[in-house]
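Here is what each chain is made of, one letter per residue.
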Amino acid sequence: MRYILILMMIFSSISFAAIKKDVQKEKKWTLLQKSIVRSFKKPLKKKVTILKLKSKVLDMKKEAVPVLVEVMKNGKYPEKNRWIATMLLGRLMGSKAAPFISKFSKHPSWILRMASLKALLALSQKEYGSMYAKLLTDKSLLVRTQALENIKALRLRDYAPYVWRMLYDSQNYVQTDRGANKRTHIIKKVITVAGLLNFKKAKLPLLKMIQNKKYSDIFPEIDQALAMITGKKSPKGGMEVKKIFWKRLSLSERVF
């Protein structure tokens, strides 16, 4: 295991060195590279324009890398363009770009934090699980949602406890005019992912929640999560039929 970690560190340093080397060549960019830079400076709105630029960049292969790095790092480019550059760098360099892309998970702009997550998911980067878990508490709901999606899609079971904690994070609720806390859409996803990751410690609270009218709005997700965790499926029928099923299961297992 130690040998593998050493190799990963060496590989990452090589990747960073390669990117740094490319950036140092900025003053010697070719006419094609300069053309791409000009394209990235303009707001990319039309789908056709974006597709043409993507095709052009991908055809350039390694030659496009320093341009993409420049766009990602420089705030003078529109955020949407920096997002596109991030995704393209991942496509061009594959996993070699992961260490560099992961740095943008701490960027002040939520768009770039989210782009980092999206790109790493596209590269199936499981080794950044701790980073995804940390972003589950990001101040941006969209970033939290994407971090949750990364953990779900990559089946990172070790981070199930962090997913479950999202139920108790005040950021995932909004206050109504009456002063009550209302669940945002991410709570449904949290319940589903907890079940998908087979988080056993969620079983008891879910069995209690499913009997409580307060959680009627997320009843389907709780029912589904319990099915995944227990390996038992509630019968077809309405909410009350399913509640009886889970109540009996709870009693049979002496869960109170």
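Residues numbered from 1 in each chain as written. Predicted model: local features only at pLDDT ≥ 70, side-chain atom pairs only at ≥ 80, totals over all residues. Heavy atoms only, no water.

A. Here's a closer look at the overall build of the chain. Check the secondary structure of the chain and you find 14 helices and 2 strands. The buried share of the chain, taken over its 256 residues, is 44%. Sequence separation of at least 24 residues holds for 61% of the intrachain contacts in the chain that already meet a minimum separation of 6. Total accessible area computed for the chain in this model is approximately 15000 Å², and 56% of it derives from carbon and sulfur atoms. (Helix = DSSP H or I, 4+ residues; strand = E, 2+ residues; numbered from the N terminus. Buried < 20%, exposed > 50% of the residue type's maximum accessible area, 1.4 Å probe, protein only. Contact = heavy atoms within 4.5 Å. Areas by Shrake-Rupley, 256 points an atom, 1.4 Å probe, with all protein chains shown as cover.)

B. Structural context of the environment of Ser35. Considering the arrangement of structural elements, one finds Ser35 in helix 2 (residues 31–41). It is 9.9 Å that separates the C-alpha atoms of Ser35 and Val67, two residues lying 32 residues apart in sequence.

C. Spatial organisation of helix 11 (residues 186–196). Counting buried positions along helix 11 yields 8 of 11 residues, so the element is predominantly enclosed. Turning to helix 11, its buried residues are Ile186, Ile187, Val190, Ile191, Thr192, Val193, Ala194 and Gly195. Turning to helix 11, the residues buried within the fold contact helix 9 (141–153), helix 10 (160–165), strand 1 (173–175), strand 2 (181–183), helix 12 (203–209) and helix 13 (219–230).

D. Quick peek at the packing of aromatic side chains. In total, this model carries 4 aromatic pairs according to the counting rule given. Where Tyr159 meets Tyr162, the ring centres are 5.9 Å apart and the plane angle is 45°; that geometry is what we call tilted. On the basis of relative accessibility, which here comes to 36%, the residue Tyr162 falls in the partly exposed class. Between the aromatic rings of Trp164 and Phe199, the centroid separation amounts to 6.3 Å while the plane-to-plane angle is 50°, which identifies the pairing as tilted. Of this pair, Trp164 sits in helix 10 while Phe199 sits in the loop between helix 11 and helix 12, and the two are 35 residues apart along the sequence. (Phe/Tyr/Trp six-rings, centres within 6.5 Å; stacked < 30°, edge-to-face > 60°.)

E. A look at a positive patch on the surface. A cluster of basic residues, Lys34, Arg38, Lys41, Lys42, Lys56 and Lys76, forms a positive patch on the protein surface. With 3 residues, helix 2 is the largest single contributor of residues to the positive patch. By the secondary structure assignment, Arg38 is in helix 2. (Patch = residues over 30% accessible without salt bridge, like charges linked within 9 Å, V, L, I, M, F, W, Y side chains within 5 Å. Salt bridge = Lys/Arg side-chain N within 4 Å of Asp/Glu carboxyl O. Lys, Arg positive; Asp, Glu negative; His and termini not counted. Charge placed at Lys NZ, Arg CZ, Asp CG, Glu CD.)

F. Spatial organisation of helix 3 (residues 47–60). Its 14 residues place the ends of helix 3 20 Å apart at the C-alpha level, agreeing with the 20 Å of an ideal helix rising 1.5 Å per residue. When we look at burial in helix 3, the residues that qualify are Ile50, Leu53, Val57 and Met60. The arc that holds the buried residues of helix 3, viewed along the axis, is 90°, so those residues lie on one side. Within helix 3, the exposed residues directed more than 90 degrees away from the buried face are Lys47, Val48, Lys52 and Asp59. Residue Lys61 follows helix 3 closely and has a positive phi angle near 55°. (Expected span 1.5 Å × (residues − 1). Arc of directions from axis to C-beta.)

G. Spatial organisation of the nonpolar core. Membership of the largest hydrophobic core comes to 72 residues, with the highest contact counts inside it found for Phe40, Leu89, Tyr132, Ile191, Leu206 and Ile222. Not counting chain neighbours up to four residues away, the residues in contact with Ile191 comprise Trp164, Leu167, Leu206, Met209, Ile218, Glu221, Ile222 and Ala225. (Core = buried A, V, L, I, M, F, W, Y, C linked by side-chain atoms within 4.5 Å.)

H. Fine view of the side chain of Asp223. Relative to the helices and strands, Asp223 resides in helix 13. Once residues lying within four places of it in the same chain are set aside, the contact partners of Asp223 are Ile210, Ser234, Lys242 and Trp246.

I. Fine view of the environment of Lys42. Within the secondary structure, Lys42 is located in the loop between helix 2 and helix 3. The class of Lys42 is exposed, set by a relative accessible area of 53%. For the pair Lys42 and Pro78, spaced 36 residues apart in sequence, the C-alpha separation works out to 7.5 Å. If we skip the residues at most four places from it in the chain, Lys42 touches Pro78 and Asn81.

J. Representation of the packing of helix 3 against helix 5 (residues 79–93) in the model. Contact geometry of helix 3 with helix 5 gives a least axis separation of 11 Å together with a crossing angle of 35°. Both helix 3 and helix 5 take part in a crossing whose hand is right-handed. Contacts between helix 3 and helix 5 involve Ile50, Lys54, Val57 and Leu58 on the former and, on the latter, Lys80, Ile84, Leu88, Arg91 and Leu92. Its residues placed into classes, the contact of helix 3 with helix 5 shows 6 nonpolar, no polar and 3 charged. (Axes fitted to C-alpha atoms, helices over the stretch in contact; angles between N-to-C directions. Left-handed = near helix turned anticlockwise from the far one by under 90°. Nonpolar A, V, L, I, M, F, W, Y, C, P; charged D, E, K, R; others polar.)

K. Structural detail: the pattern of salt bridges. Counting across every chain of the model gives 3 salt bridges. The salt bridge partner of Arg183 is Asp217, with a shortest N-O separation of 2.7 Å. Of the two residues, Arg183 is situated in strand 2 and Asp217 in the loop between helix 12 and helix 13; the sequence distance between them amounts to 34 residues. Two residues, Asp223 and Lys242, come together in a salt bridge whose shortest N-O distance is 3.9 Å. Of this pair, Asp223 sits in helix 13 while Lys242 sits in helix 14 (residues 239–252), and the two are 19 residues apart along the sequence. No difference in accessibility class separates Asp223 from Lys242, as the two residues are buried.

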